[in-house]
Amino acid sequence: MANASSEEQARQQGESDLLSIMLRIRDEGELDFPINTTNIKAVIVDLFTAGTETISTAAEWVMSELIRNPEIMAKVQAEIRQAFNNKDPHEHEAQMDNLRYTRMVIKETLRLHPPVQILLPRLCRATCDIGGFEIVKGTRVIVNSWAMSRSTKYWEDPEEFSPERFVNSVIDYRGAHFEYLPFGSGRRMCPGSGFGVATLESIVYYFDWSLPSGMRPEDLDMRTAIGASARRKIQLQLVASPYEVPVKI
Ligand code: HEM
C-alpha cells in the first residue's frame with residue numbers, strides 16, 4: 001500500500017489516475033517492497049476482470065428490483081436527491097452518509113442477487129467439523145454465498161424483496177455475518193466493495209426510469225443466467241429520462 005506521503009505527493013503532482021500513481025511508485029521505489037511493470041499489469045487486469053462485470057451485474061439487478069417496486073424507487077430517488085441537495089454527487093461525496101434507505105435497497109439486492117454466487121475457493125488449513133461433517137486438512141472448500149443469503153434458516157421470507165429487513169439489523173457487507181457474504185470474507189474478501197457500493201448509489205440520481213411502452217413491472221423476467229457472474233438471463237431494457245433539477249427561485 002502507498003503511504004500517506006505518497007497520497008499527498010499524488011495530489012501535489014495533480015495525478016488523478018491509478019496508473020500514473022503506480023508508475024511513479026515503481027520508478028521511485030517508495031514501497032517497502034519493489035513493484036515492476038508485470039505487477040502493475042496484474043493489478044490492472046484484476047481491476048478490469050473483477051471490477052466491471054460485478055458492478056454492471058449488480059446495477060442491472062438494483063434497477064430491476066427498483067422498476068418492479070415503484071414506491072421503493074420513488075423513496076430511493078427522493079433520498080438521494082435530497083442528500084445531494086440537487087447538486088452533482090461526485091462533488092458532494094460527504095453526503096453519501098445520509099443514504100440510509102438506499103443502502104438498505106442495495107444490501108437487499110445483493111442478498112437476493114449476489115453477482116458472485118460462489119466465493120473464491122479456500123483450502124482447509126486444519127481438520128475441522130462443519131455441521132457434523134469432518135473436513136480434512138487440505139480439502140478445497142467452496143462457499144455458496146447465494147444459498148446462504150436465501151436460506152429460511154437465516155432469513156424471514158427470503159425470496160421476498162424487502163429492504164426494510166435491514167432497518168434494525170447489524171448485518172453489513174464486511175464479511176463478519178456469514179449468512180450474508182456478497183463481497184466474501186476474510187483475507188480474500190473483495191477489495192472493491194466500497195467502490196462498488198458507491199457506484200451503485202449514484203445510478204438513480206441522474207435519470208428517471210420507466211419500462212418500454214406497454215410493459216408492466218410484473219412482466220419483467222427475473223431469471224438468472226448461468227455464468228461467472230450471476231447476470232440477468234434477459235438483459236434489462238429501460239427508458240431513461242433526464243432528471244430535471246428543480247430551479248430554486
Ligand atoms: C458490486 C460489486 C462487486 C461485488 C458483488 C464483488 C464481489 C466479490 C466477491 C464475492 C469476491 C470473492 C471474495 C471471497 O471469496 O471472499 C470478490 C473478489 C475480488 N474483487 Fe470484487 N466485487 C465487486 C466489485 C469489485 C470491484 C469494483 C473491484 C475492483 C475495483 C473488485 C475487485 C476484486 C478482486 C481483485 C477480488 C479478488 C480478491 C483476492 O483474490 O484476494 N471487486 N469480489
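Everything below is about the structure printed above this text.
Below or above, wherever it landed, is the structure these notes cover. (Residues numbered from 1 in each chain as written. Predicted model: local features only at pLDDT ≥ 70, side-chain atom pairs only at ≥ 80, totals over all residues. Heavy atoms only, no water.)

## Notes on the overall build of the protein
In step 1: Secondary structure assignment for the protein yields eight helices and six strands.
In step 2: Reading the protein from its N terminus to its C terminus gives the helix and strand order α-α-α-α-α-α-β-β-β-β-α-α-β-β.
In step 3: Within the protein, the proportion of its 249 residues that are buried is 36%.
In step 4: Taking the intrachain contacts of the protein between residues at least 6 apart in sequence as the baseline, contacts between residues at least 24 apart amount to 64%. (Helix = DSSP H or I, 4+ residues; strand = E, 2+ residues; numbered from the N terminus. Buried < 20%, exposed > 50% of the residue type's maximum accessible area, 1.4 Å probe, protein only. Contact = heavy atoms within 4.5 Å.)

## Some words on unusual backbone geometry
In step 1: With a phi angle near 40 degrees, D157 is a residue other than glycine that sits in the positive phi range.
In step 2: Within the secondary structure layout, D157 lies in the loop between α7 (145-149) and α8 (193-202).
In step 3: A residue is classified by how much of its surface remains accessible, and D157, at 48% relative accessible area, is partly exposed.

## A few points about the packing of aromatic side chains
In step 1: Per the stated rule, a full pass over the model turns up five aromatic pairs.
In step 2: Pairing W155 with Y180 gives two aromatic rings, centres 6.1 Å apart and planes at 65 degrees, and the pair type is edge-to-face. Residue W155 is located in the loop between α7 and α8, and its partner Y180 is located in the loop between α7 and α8; the two are separated by 25 residues in the primary sequence. Grouping residues by exposure puts W155 and Y180 together as buried.
In step 3: Plain terms: the ring middles of F166 and Y180 are 5.7 Å apart, the flat faces sit at 55 degrees to each other, and that makes the pair tilted. Placement of F166 in the loop between α7 and α8 and of Y180 in the loop between α7 and α8 is noted, with a sequence separation of 14 residues between them.
In step 4: Judged by relative accessible area, Y180 falls into the buried class, the value being 1%. (Phe/Tyr/Trp six-rings, centres within 6.5 Å; stacked < 30°, edge-to-face > 60°.)

## Examining the side chain of Q77
In step 1: In this structure, Q77 sits in helix α5 (residues 70-83).
In step 2: Q77 gets classed as buried once you look at its relative accessible area, which sits at 9%.
In step 3: Here Q77 is in contact with V204, F207, D208 and W209, once residues within four sequence places are set aside.

## What about the layout of surface pockets?
In step 1: What the second largest pocket holds in volume is close to 730 Å³.
In step 2: Together, 21 residues line the second largest pocket, and R122, L123, I130, V141 and V143 are the ones closest to its centre.
In step 3: Mapped onto the lining of the second largest pocket, the elements with two or more residues apiece are β1 (122-123), β2 (128-130) and β4 (140-141).
In step 4: For the lining of the second largest pocket, the class distribution of residues is 12 nonpolar, four polar and five charged. (1 Å grid on protein atoms, 1.4 Å probe; cavity = no way out; pocket = protein on both sides within 12 Å on 5 of 7 lines; lining within 4 Å. Points joined across faces, edges and corners; volume = space filled by probe spheres on them. Nonpolar A, V, L, I, M, F, W, Y, C, P; charged D, E, K, R; others polar.)

## Quick notes on the site of the ligand
In step 1: Every one of the 22 residues lining the ligand counts as a neighbour, but L120, R122, S185, R188 and C190 are closest to it.
In step 2: Interatomic distance of 3.1 Å between a backbone N/O atom of S185 and an oxygen atom of the ligand.
In step 3: The greatest single-element share of the shell around the ligand, amounting to four residues, is contributed by helix α3 (residues 37-51).
In step 4: Looking at side-chain class alone, the shell around the ligand contains 14 nonpolar, five polar and three charged residues. (Near = heavy atom within 4 Å. Polar contact = N/O pair within 3.5 Å; in protein donor to acceptor, adjacent residues only side chain to side chain.)

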